[in-house]
Amino acid sequence: MLLGVIADDMTGATDVALMLNRAGMRTLQVIGAPAPGAALPEADAVVVALKSRTNPVAEAVADSLAACEALLAAGARQILFKYCSTFDSTAQGNIGPVADALMQRLGASQAIICPAFPANGRSIFQGWLFVGEVPLHESSMKDHPLTPMRDSNLMRLMGAQTQHPVGLVAHSVVSQGASAVRQRLAELAAEGARYVVTDALDNGHLMVLGEAIAEHVLLTGGSGIAMGLPENFRKAGLLPWRETATHLSAPSGRAGIISGSCSTATRAQIAAALAAGIPALKVDPLALAEGSQKPAELAAWALAQPADSPFLVYSSDDPAEVASVQDKLGRERAGETVEHAFAETARLLVAGGVSRLLVAGGETSGAVVQGLRVRTLEIGPEIDPGVPWTRVVDGPELVVALKSGNFGAPDFFLKAWNLLR
Ligand code: ADP
């Protein structure tokens, strides 16, 4: 293994794994903190997907260190701590405390902070993080239920989460190339800056930064900063050129879609699937909660559909219906009821011969993957930006695509199958 990645959530892990895969590294995604002493599978890069963005700081640190140990034991030469491109965190963390712990474990003297992802409109200018045309604190992230972002200055945001000084490499330096960046980083190190925010306005800047930090043992950032890393390993003669597969050979078997996402993009995708005549069953969360609808019935319905077409089982609904269900069950119970039902349904579907599965929704994906006891995913071709097909390496014969709610074009549920052979 060349590169080890510790990602603070599941769909973020898939995002960075896809970035590395597209840049020519064979990448695996491992789900959850590895148990002490457990060996990781062999690949150019391994991404450990944690759920450490919003859990208690001590737990996030412990899981991240466990992931780091496993990655080092597997031979990782460089560790990337991957967080969201909108720096999702609270004043307490978890980005600062996790980065501090990794820095100490790795004996790193300096690490960059670069959540920039220009292709998705996240850019950094003079250390300020922008989402499209507005600073982070004016974007919809200001109202996020768990991690409301009320500041956009990354030096201040990180400064509130760590005792270490935080410096800046501005775009004027990044524009001059990798050796100028290295020189500025060394100057900042001499001034005591353990963390350095790096400006990045476009992919060219990310490539320069990737080159400049080839020797850093610890990096922190969004999936964008991964873009320039594979080239370092190729230049060092450690990584052969690998073509990115455009298709994935999938086990023969039935195809199905499970959707617990109520996001706008998913609802448009469901509308397109219904219009195309895909057999569909809408699940009623209240009936699930009172036990009058059961996962076994959902699976039996799905497996009774014609085998030559994908089927769709969904609970996705518009905001008013979701609010009404949440009024009756409570927000948490509504979510858990649907997630548990879909996890069990997925298990029954795979036992019944489904080998190609699309799952819509971040939390829903987490629940389904857990229900299927999947530990490792091999990253395959990209269906739409940020969403690859993946193959289960250590579980049932299955290919699966985990779609974060707002990702994917309206025809996602129709076209995804074209990438499978
Ligand atoms: P997204 O990625 O679109 O946010 P998630 O799966 O992360 O999707 O979150 C959707 C949440 O809503 C899940 O907890 C899911 O169980 C819950 N949910 C799904 N359908 C309904 C519904 N009809 N009413 C209430 N909650 C629902």
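As the structure is a computational prediction, the values presented were derived from the model and not from experiment. (Residues numbered from 1 in each chain as written. Predicted model: local features only at pLDDT ≥ 70, side-chain atom pairs only at ≥ 80, totals over all residues. Heavy atoms only, no water.)

Enquirer: So, the packing of helix α11 (residues 295-303) against helix α13 (residues 331-351): which residues are in play, and what are the values?
Expert: Where α11 meets α13, the closest approach of the two axes is 8 Å, and the angle between their N-to-C directions is 45°. Judged by the angle between their axes, α11 and α13 are oblique. In this structure, α11 meets α13 at a crossing whose hand is right-handed. Here Pro295, Ala296, Leu298, Ala299, Ala302 and Leu303 of α11 come into contact with α13, specifically with Ala341, Phe342, Glu344, Thr345, Leu348 and Leu349. Its residues placed into classes, the contact of α11 with α13 shows ten nonpolar, one polar and one charged. (Axes fitted to C-alpha atoms, helices over the stretch in contact; angles between N-to-C directions. Helix = DSSP H or I, 4+ residues; strand = E, 2+ residues; numbered from the N terminus. Parallel < 35°, antiparallel > 145°, perpendicular 65-115°, else oblique. Left-handed = near helix turned anticlockwise from the far one by under 90°. Contact = heavy atoms within 4.5 Å. Nonpolar A, V, L, I, M, F, W, Y, C, P; charged D, E, K, R; others polar.)

Enquirer: Describe in detail the nonpolar core, supporting the description with residues and values.
Expert: By size, the foremost hydrophobic cluster in this structure holds 114 residues, and its most contacted members are Val46, Leu71, Phe87, Cys114, Val181 and Leu357. Mapped onto the domain boundaries, this core takes at least three residues apiece from domain 1 (3-235) and domain 2 (254-419). Residues contacting Phe87, with those up to four places away along its chain left out, are Ile95, Ile113, Pro115, Leu129, Met149, Leu154, Leu157, Met158 and Gln161. One finds Val399, Phe412, Phe413 and Trp417 within the second-largest nonpolar core, a separate group that totals 22 residues. (Core = buried A, V, L, I, M, F, W, Y, C linked by side-chain atoms within 4.5 Å. Buried < 20%, exposed > 50% of the residue type's maximum accessible area, 1.4 Å probe, protein only. Domains from an automatic or database assignment.)

Enquirer: Could you give an account of α11, naming the residues involved and the relevant values?
Expert: Along α11, the positions that sit buried rather than exposed are Pro295, Leu298, Ala299 and Ala302. Within α11, the buried residues cover an arc of 95° as seen down the axis, which keeps them to one side. Tucked into the core, α11 has its buried residues touching β12 (254-259), β13 (280-282), α10 (285-290), β14 (311-314) and α13. (Arc of directions from axis to C-beta.)

Enquirer: Mind laying out the site of the ligand, listing which residues take part and the relevant values?
Expert: Residues in close proximity to the ligand total 17 residues, the closest being Ser261, Ser263, Glu339, Glu363 and Thr364. Gly335 is positioned with one of its backbone polar atoms (N or O) 2.9 Å from an oxygen atom of the ligand. Residue Glu363 places a main-chain N or O atom 2.7 Å away from an oxygen atom belonging to the ligand. If the ligand stood free it would expose 570 Å²; the protein chains cover 84% of that surface. (Near = heavy atom within 4 Å. Polar contact = N/O pair within 3.5 Å; in protein donor to acceptor, adjacent residues only side chain to side chain. Areas by Shrake-Rupley, 256 points an atom, 1.4 Å probe, with all protein chains shown as cover.)

Enquirer: Now, about the environment of Arg194: what can you tell me, with residues and values included?
Expert: Residue position: Arg194 is located in the loop between α6 (178-190) and β10 (195-198). We classify Arg194 as partly exposed; its relative accessible area is 26%. Separated by 85 residues in sequence, Arg194 and Ser109 place their C-alpha atoms 6.1 Å apart. Beyond its immediate stretch of four places on either side in the chain, Arg194 contacts Met103, Ala108, Ser109, Gln110, Ala111, His164 and Pro165.

Enquirer: Which residues make up the domain arrangement of the chain, and what are the values?
Expert: Each assigned domain of the chain is listed here: domain 1 (3-235) and domain 2 (254-419). Each of domain 1 and domain 2 was reduced to a C-alpha centroid, and the two centroids are 30 Å apart. Between domain 1 and domain 2, the buried area comes to about 1500 Å², and carbon and sulfur atoms account for 61% of it. The three residues of domain 1 that bury the most area against domain 2 are Thr11, Leu18 and Ile31, which together make up 34% of that side's buried surface. Between Arg22 and Glu382 there is a salt bridge, with its nearest N and O atoms 3.2 Å apart. Along the contact surface separating domain 1 from domain 2 lie five residue pairs in polar contact (both at pLDDT 80 or more). Every element with two or more residues in the side of domain 1 that touches domain 2 is listed here: α1 (10-22) and β2 (27-31). At eight residues, α1 tops the list of elements feeding residues into the side of domain 1 that touches domain 2. (Buried area = accessible area lost by both parts, 1.4 Å probe. Salt bridge = Lys/Arg side-chain N within 4 Å of Asp/Glu carboxyl O.)

Enquirer: Account for the packing of aromatic side chains, naming residues and giving values.
Expert: With the rule as written, the count across this model stands at four aromatic pairs. Measuring from centroid to centroid gives 5.2 Å for Tyr83 and Phe87, while their planes differ by 80°, and the two rings are edge-to-face. In terms of burial, Tyr83 and Phe87 fall into one category: buried. Residues Phe412 and Phe413 carry aromatic rings whose centres are separated by 6.1 Å and whose planes lie at 75° to one another, so their mutual orientation is edge-to-face. (Phe/Tyr/Trp six-rings, centres within 6.5 Å; stacked < 30°, edge-to-face > 60°.)

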